[in-house]
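# Architecture and fold: a report
In case you want the letters, here they are:
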Amino acid sequence: MKQQEEERAAFPPVLEGLAREAEERLKYMEYINQLHAAAYQEALQAERQQQQQQQQQKLQEPEAPKKVESPEFQRISRCIMEATTAPQLLQVLQEEVFERFQDAEKSKNALLAAAPQDGSAKAKPPQTRAQRNKQDTSNQSQIHQIYHDLLLLAAHRFRRTFHTSPLIFTMLPAIKALGMESYALGSSTELYNEIMAATWAQWGECGRIFHMLTEMEESGLKFNGDTHRIVKDVHRCTAETDDDNDDDNDGLAAAVVAPGSVFMVAMNRGYGRQGKESAAYWLNHVERQLEENELTKARKLFF
């Protein structure tokens with residue numbers, strides 16, 4: 001310290017002032033660096049403590065029960081996977097899924113019709129009815145429990161293995177034809193995504209996609225990442241159409257930007273500006289819903 005003062009005294013007054021200012025600045029920077037280092041160590045320690053607490057919570061939380069596939073589901077899914085043609089797969093779907101669901105519904109309706117009304121003199125105790133119908137109820141609930149998973153497996157098989165077959169498009173009408181309960185149990189975002197992807201791959205027509213998106217929203221089904229990818233592809237292809245030019249060659253020329261999309265562009269030229277606007281609307285709508293879903297998850301996590 002004394003040596004530094006002697007060195008400063010040897011400087012001219014102007015330089016001495018600058019040297020003193022530089023020294024104070026160095027001390028200040030050293031102090032700031034010490035504060036930063038202390039804050040970093042404190043944050044690092046807090047993060048380690050948080051990780052330890054999370055690990056302890058995981059150890060304390062019971063493991064989620066694993067989904068056990070019933071023997072009946074295994075049997076029918078094996079039939080679905082062993083189908084060698086699209087018509088054979090449709091036959092399995094009809095006999096093992098749709099007809100069984102229909103029989104279960106008929107059985108349930110018959111039980112409801114046969115049940116005595118309140119206040120009837122012939123009414124029997126509820127326990128006796130439950131014992132009498134125990135087996136029917138068990139069989140009925142079994143197909144209801146595996147109904148959606150079987151439908152999704154069949155749609156997945158149609159699209160992956162028999163990707164040129166239009167028989168996948170018979171699934172939704174068949175589900176709806178069996179009634180509201182069939183649609184409520186069988187329909188899902190994943191099922192619609194499978195059928196929309198097949199629709200876009202085989203038909204390449206944006207109007208069909210817009211119709212299914214509307215149907216999903218009216219049914220209360222949420223969009224997900226797969227939905228977004230399909231809608232994004234539709235938006236890209238409709239954006240490449242040129243409805244302002246009557247020359248067909250100009251309309252298809254834009255498809256050079258995206259190889260393999262010439263067919264898609266040609267199919268959607270008839271929708272013109274309305275198709276572009278609808279595609280832009282749905283893309284924005286799906287993205288906005290996905291953002292809202294993420295915000296909802298974040299709120300549940302932190303609040």
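Description of the structure in this document. From a predicted model like this one, the values you see are computed outputs, not experimental measurements.

Tallying secondary structure elements over the protein gives 14 helices and 0 strands in all. Taken from the N to the C terminus, the helices and strands of the protein come in the order α-α-α-α-α-α-α-α-α-α-α-α-α-α. Counting only residues that meet the buried cut, the protein has 30% of its 303 residues in that class. Of all intrachain contacts in the protein linking residues separated by at least 6 positions in sequence, the fraction that spans at least 24 positions is 74%. Accessible surface, the protein: about 20,300 Å² in total, of which carbon and sulfur atoms supply 54%.

Our next topic: the pattern of salt bridges. Taken as a whole, this structure holds 12 salt bridges when the rule is applied. Residue arginine 75 pairs with glutamate 72 through a salt bridge whose shortest N-O separation is 2.7 Å. Placement of the pair is arginine 75 and glutamate 72 together in helix H3 (residues 71-82), with a separation of 3 residues, close to one helical turn. Exposure remark for arginine 75: the relative accessible area of 30% places this residue in the partly exposed category. On the basis of relative accessibility, which here comes to 17%, the residue glutamate 72 falls in the buried class. Here arginine 236 makes a salt bridge to aspartate 233, at a shortest N to O gap of 2.4 Å. Placement of both arginine 236 and aspartate 233 in helix H11 (residues 225-239) is noted, with a separation of 3 residues, approximately one turn of the helix. Among the charged side chains, a salt-bridge network with shared partners connects Glu72, Arg75, Glu96 and Arg100.

Once that is clear, we can look at the nonpolar core. Residues Leu93, Leu151, Phe158, Met171 and Leu213 are the most contacted members of the largest nonpolar core, which totals 49 residues. Within the residue set of this core, elements represented by two or more residues are H3, helix H4 (86-114), helix H6 (134-161), helix H7 (171-177), helix H9 (189-202), helix H10 (206-218), H11 and helix H14 (272-302). If we ignore the near neighbours within four places in the chain, the residues touching leucine 213 are Met196, Phe223, Thr227, Val231 and Trp282.

A word on the packing of H10 against H11. Where H10 contacts H11, the axes come no closer than 11 Å and their chain directions differ by 145°. H10 and H11 meet at a crossing whose hand is left-handed. Side by side, H10 and H11 meet where Cys206, Ile209, Phe210, Leu213 and Met216 of the first sit next to Thr227, Val231, Val234 and Thr238 of the second. Here the contact of H10 with H11 is composed, by residue class, of 7 nonpolar, 2 polar and no charged.

Turning our attention to the packing of aromatic side chains. Taken as a whole and assessed by the stated rule, the structure comprises 3 aromatic pairs. Plain terms: the ring middles of phenylalanine 223 and tryptophan 282 are 6.3 Å apart, the flat faces sit at 90° to each other, and that makes the pair edge-to-face. Placement of the pair is phenylalanine 223 in the loop between H10 and H11 and tryptophan 282 in helix H14, with a sequence separation of 59 residues. We note that phenylalanine 223, like tryptophan 282, is buried. An aromatic cluster is present here, built from Phe223, Tyr281 and Trp282 joined pairwise through their rings. The positively charged end of arginine 208 is found above the aromatic ring belonging to tryptophan 203, 4.1 Å away from the centroid.

This part takes up H9. One full turn of an α-helix is made of 3.6 residues, so residues set three or four places apart face in the same direction. Over its 14 residues, H9 extends 20 Å from the first C-alpha to the last, a length consistent with the 20 Å expected when each residue adds 1.5 Å. Burial analysis of H9 places 11 of its 14 residues in the buried class, which makes it a mostly covered element. Residues of H9 that are buried include every one of Thr189, Leu191, Tyr192, Asn193, Glu194, Ile195, Met196, Ala197, Ala198, Thr199 and Trp200, and no others. Glycine 204 occupies a position one or two residues after H9 and carries a positive phi of about 60°.

Another point: H3. A rise of 1.5 Å per residue sets the reference length of H3, with its 12 residues, at 16 Å; its end C-alpha atoms lie 16 Å apart and thus fit the reference within 8%. Every buried residue of H3 is listed here: Glu72, Phe73, Ile76, Ser77 and Ile80. In an axial view of H3, the angular spread of the buried residues amounts to 120°, which keeps them on one side of the axis. Within H3, the exposed residues directed more than 90 degrees away from the buried face are Pro71 and Glu82.

Criteria and thresholds
Sequence positions are assigned chain by chain, starting from 1 and proceeding in written order. Local features in this predicted model are restricted to residues of pLDDT 70 or higher, and side-chain atom pairs are both shown and tallied only at a pLDDT of 80 or more, whereas totals for entire chains, interfaces and linings draw on every residue. In computing side-chain values, all of the structure's heavy atoms are included and hydrogens and water are not. We count a stretch as a helix when DSSP gives it H or I for four or more residues in a row; a strand needs E for two or more, and each element gets its number in order from the N terminus. For each residue, the accessible area found with a 1.4 Å probe, counting protein chains only, is set against the maximum for its type, and the residue is called buried under 20%, exposed over 50%, and partly exposed in between. Residue contacts follow a heavy-atom distance rule, with two residues in contact if any of their heavy atoms lie within 4.5 Å. Using a 1.4 Å probe, the Shrake-Rupley method yields the accessible areas, and only the shown protein chains count as cover for residues. For this analysis, a salt bridge means a side-chain nitrogen from Lys or Arg found within 4 Å of a carboxyl oxygen belonging to Asp or Glu. Put simply, buried Ala, Val, Leu, Ile, Met, Phe, Trp, Tyr and Cys residues joined by side-chain atoms within 4.5 Å make one nonpolar core. For every element, the axis is a line fit to its C-alpha atoms; helices are fit only across the contacting stretch, and the angle between N-to-C directions ranges from 0 to 180 degrees. A crossing counts as left-handed when the near helix is turned anticlockwise from the far one by less than a right angle, and as right-handed when that turn is clockwise. Ten residue types, Ala, Val, Leu, Ile, Met, Phe, Trp, Tyr, Cys and Pro, are classed as nonpolar, four, Asp, Glu, Lys and Arg, as charged, and the remainder, Gly among them, as polar. Two rings from Phe, Tyr or Trp (for Trp, the six-membered ring) form a pair when their centres are within 6.5 Å of each other. A pair whose planes differ by under 30 degrees is stacked, one over 60 is edge-to-face, and the rest are tilted. Criterion for a charge above a ring: Arg CZ or Lys NZ at most 6 Å from the ring centre, at most 35 degrees from the ring normal. Take the residue count of a helix, subtract one, and multiply by 1.5 Å to get its expected span. The reported arc concerns the directions from the helix axis to the C-beta atoms and nothing else.

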